[in-house]
Amino acid sequence: MGLLRGAAVAVAAGGTAEQVAKAEAILAEARRALFEMLAEKPADVQQAHAESTDTLPVE
């Protein structure tokens, strides 16, 4: 992630106004996607939950 920060700093320091605006849009989308990923349950947790609720215990 440090490499991404370095690239963003480089664009901010030496990019044109158009490049900075494009970089801001790219970073906003990346930030949104990362938070969306964190909000999702991992597939293995979802699968385990589905398996535990799919059947009733046998008595």
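Here, every reference points to the structure presented above.
None of these values were measured; they are calculated from a predicted model. (Residues numbered from 1 in each chain as written. Predicted model: local features only at pLDDT ≥ 70, side-chain atom pairs only at ≥ 80, totals over all residues. Heavy atoms only, no water.)

A. Quick peek at the overall build of the chain. A tally of helices and strands in the chain yields three helices and zero strands. Beginning at the N terminus, the succession of helices and strands in the chain can be written as α-α-α. Buried positions account for 2% of the 59 residues belonging to the chain. On the chain, roughly 5400 Å² of surface is accessible, and the fraction owed to carbon and sulfur atoms is 64%. (Helix = DSSP H or I, 4+ residues; strand = E, 2+ residues; numbered from the N terminus. Buried < 20%, exposed > 50% of the residue type's maximum accessible area, 1.4 Å probe, protein only. Areas by Shrake-Rupley, 256 points an atom, 1.4 Å probe, with all protein chains shown as cover.)

B. Here's a closer look at a nonpolar patch on the surface. Residues Leu34, Phe35, Met37 and Leu38 make up a contiguous nonpolar surface patch of roughly 460 Å² in combined accessible area. Within the secondary structure layout, Leu38 lies in helix H2 (residues 17-39). (Patch = residues over 30% accessible without salt bridge, like charges linked within 9 Å, V, L, I, M, F, W, Y side chains within 5 Å. Salt bridge = Lys/Arg side-chain N within 4 Å of Asp/Glu carboxyl O.)

C. How the structure looks around the layout of surface pockets. In this structure, the largest pocket encloses a volume near 160 Å³. Along its surface, the largest pocket is lined by Met1, Leu4, Leu27, Ala30, Arg31, Leu34, Phe35 and Leu38. Looking at the lining of the largest pocket, the element that brings in the most residues is H2, giving six residues. Taken together, the residues of the lining of the largest pocket break down into seven nonpolar, no polar and one charged. (1 Å grid on protein atoms, 1.4 Å probe; cavity = no way out; pocket = protein on both sides within 12 Å on 5 of 7 lines; lining within 4 Å. Points joined across faces, edges and corners; volume = space filled by probe spheres on them. Nonpolar A, V, L, I, M, F, W, Y, C, P; charged D, E, K, R; others polar.)

D. Here's a closer look at the packing of helix H1 (residues 2-14) against H2. Running from N to C, H1 and H2 point in directions that differ by 150°, and their axes come no closer than 9 Å. Here H1 is positioned roughly antiparallel relative to H2, judged by the angle of their axes. The two elements H1 and H2 cross, and the hand of that crossing is left-handed. For the pair H1 and H2, the contacting residues are Leu4, Ala8, Val11 and Ala12 in the first and Gln19, Val20, Ala23 and Leu27 in the second. Residue composition of the contact of H1 with H2, by class: seven nonpolar, one polar and no charged. (Axes fitted to C-alpha atoms, helices over the stretch in contact; angles between N-to-C directions. Parallel < 35°, antiparallel > 145°, perpendicular 65-115°, else oblique. Left-handed = near helix turned anticlockwise from the far one by under 90°. Contact = heavy atoms within 4.5 Å.)

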